[in-house]
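A structural walkthrough
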Amino acid sequence: MVGITGFGAYIPKYRMARDVVAKAWGPRFITGERAVDNHDEDSLTRATEAALNCLAAGDPKAVDGLIFASTTSPYLEKQASTLVATAVDLPVEIYTADHLSSVRAGTAALKAAMDAVKGGSAKNLLVTAADTRRGEPGSDSEQLIGDGAAALMIGGSGVAASIEGIYSLSEEFMDTWRKQDDDYVQKGDAAFVQAYGYARMVPACIKGILKKYELKTSDISRFVIAAPDSRVYARVTKSLNLPAGSFPEDPLLTTVGDTGTAAPLMLLVDALEKAKSGERILLCGYGAGNADAFLLQISPEIERLRGRRGVSSYQSSKKPLANYEKFLKFQNTLPTEPLEPYSSWALLWKEKKQNLQLYGTRCKKCGTFAFPRRRICLKCNAKDEYEDAKLPRKGKIYTFAKDHLFPNPDPPTVMAVADMEGGGRFYGQVTDCDPAQIKIGLPVELTFRRFHQGGGFYNYFWKLRPTE
Ligand code: ZN
């Protein structure tokens, strides 16, 4: 039996009411709010966060593969999955791959992982999907799109949702696209795209999988259907005549937005959080003429995954972003005062274990833990007598400073020293915070963020954020 053995999700803290955008451009606005990346977040950092939540109770060393799915990888050339795998501390002897270019990449990655486990080339494969798509300022897309991420572990033992069947459709169709030099998502004529793209392919795919496995809509407990907007979602659920209560009224569109590649997986995580043993789920994702459907059967193992950080815990944890100019700065549409920090490729590689994987040192003589890493023990002066030990991600602020001069789209920059649970000290920036709430003793946790672009590339590092 192959299927889902773990899940996690992540939604950025900032939510922007859609009328904030409408106020800047005109009266037309779409109901609800959308999730917005902080200035130090991108698809890679969010995918990492979802993967960490998925791995929460598991051993990262038991994972033998990671697939990152996104249409907005930070790099056009350079694999992002390798960095995600390093930050979540997966072993080196694994298979990593990026699935890119279509919002259907999330379900494509899920199928690839399922096939790999079925075929025996992997035992536990982690799929993590995130997007940071941008709509042109003033367009509907700017309001509709939202930032999110999801991660699923695919394995053969401890399966909470077995994948019982799949069905796909693939037909060349232009509905949304982005050329190499396009900054924003481009769309064809809305009425045509809706009628001949999503609203035609998604029902066909759902009917196709039901026919293939000789099932009726009443045999499905939960329909999980990702959609680009509420209107077309209502049109499709109505045309399929789905039983009331078998699908969410709002597929996260009014609270998070259209999360692109992550959308079907986030909705599946949301459904798994509520699912009970014995239920049958039908998942459907779509992107530019491609539709994938999956049949899943929930097992009693679902109880083991209760309490994971999925979609629901992030729905209530939010901070309003009421300033449209700040949103443009967070998205890099408006520039922030430039900063040209120094970065070295050699140093990045040399300090990978400390700066990306969060390993400190533990003295073999007296057991003292140190972070940053030390060759000489702070307590007993033993030299080169240490083993690697992981820095805990939770701690408390020991001291802090607020810097109003350092270039930052959201000043001031808060710097803090935190005493981590179980030893070690972390010195770095505090993010996702209200500077006024920072005080000595405040509980914080480490989060993986984009730091700066020194050296001409993206530098990632850990930051502190207040614990919920
Ligand atoms: Zn020592």
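Residues numbered from 1 in each chain as written. Predicted model: local features only at pLDDT ≥ 70, side-chain atom pairs only at ≥ 80, totals over all residues. Heavy atoms only, no water.

**Things to note about the overall build of the protein chain**
When helices and strands are counted, the protein chain shows twelve helices and 22 strands. Radius of gyration (C-alpha) of the protein chain: 23 Å, near the 23 Å computed for a compact globule of 468 residues. Projected onto its principal axes, the C-alpha positions of the protein chain cover 70 × 55 × 35 Å. Per-residue burial over the protein chain gives 55% buried out of 468 residues. Of the contacts formed within the protein chain by residues at least 6 apart in sequence, a portion of 71% connects residues at least 24 apart. (Helix = DSSP H or I, 4+ residues; strand = E, 2+ residues; numbered from the N terminus. Rg over C-alpha atoms; globule rule 2.2 N^0.38 Å. Buried < 20%, exposed > 50% of the residue type's maximum accessible area, 1.4 Å probe, protein only. Contact = heavy atoms within 4.5 Å.)

**Details of the pattern of salt bridges**
For the structure on display, the rule yields 29 salt bridges. Of the charged contacts in the structure, one is a salt bridge between Glu33 and Lys318, with a shortest N-O distance of 2.7 Å. A residue pair is termed long-range when its members are at least 10 positions apart, and Glu33 in strand E3 (residues 33–36) and Lys318 in the loop between helix H9 (311–316) and strand E14 (319–320) qualify at 285 residues. Under the relative-accessibility criterion, Lys318 is labelled partly exposed at 40%. Put simply, Asp40, Glu41, Asp432, Arg449 and Lys463 are held in one network by salt bridges that share partners. (Salt bridge = Lys/Arg side-chain N within 4 Å of Asp/Glu carboxyl O.)

**Observations concerning the sheet that holds strand E4 (residues 65–69)**
Reading across the sheet, the nine strands line up as E5-E4-E6-E7-E1-E8-E13-E12-E11 and stay open at both edges, with mixed pairing between neighbours. Because the sheet does not close on itself, it has two edges, and the strands there are strand E5 (95–99) and strand E11 (222–225). Ignoring which end each strand starts from, the neighbouring axes of this sheet average 25° apart. As paired elements, strand E8 (residues 161–170) and strand E13 (residues 290–298) share nine bridges and run antiparallel to each other. What sits directly across from Ser170, in E13, is Asn290. Across the sheet, helix H6 (residues 190–212) lies against E8, E11, strand E12 (280–287) and E13, angled at about 130° from E8, the strand it touches most. (Pairing = 2+ DSSP bridges. Axes fitted to C-alpha atoms, helices over the stretch in contact; angles between N-to-C directions.)

**Brief notes about the packing of H6 against helix H7 (residues 230–239)**
Look at H6 against H7: their axes get within 10 Å of each other, and the N-to-C directions meet at 45°. The angle between the axes of H6 and H7 places the two elements in the oblique class. Crossing of H6 over H7 shows right-handed handedness. Within the contact between the two elements, H6 uses Gln194, Ala195, Tyr198, Ala199, Val202 and Pro203 and H7 uses Val232, Tyr233, Arg235, Val236 and Ser239. Taken together, the residues that form the contact of H6 with H7 break down as eight nonpolar, two polar and one charged. (Parallel < 35°, antiparallel > 145°, perpendicular 65-115°, else oblique. Left-handed = near helix turned anticlockwise from the far one by under 90°. Nonpolar A, V, L, I, M, F, W, Y, C, P; charged D, E, K, R; others polar.)

**Describing the coordination of the zinc ion**
Working reference: metal with six octahedral donors, ideal angles 90 or 180 degrees; metal with four tetrahedral donors, ideal angle 109.5 degrees. Around the zinc ion, the protein supplies Cys363 (SG), Cys366 (SG), Cys377 (SG) and Cys380 (SG) as donor atoms, at distances of 2.3 Å. Considering all four donor atoms around the zinc ion, angles at the metal cover 105 to 114° and the coordination shape is tetrahedral. Counting the intervening residues between successive donors of the zinc ion yields the motif C-x2-C-x10-C-x2-C. (Donors = N, O, S within 2.8 Å, 3.2 Å for Na, K, Ca; no water. Tetrahedral: all angles 85-135°; square planar, octahedral: opposite > 155°, others 65-115°.)

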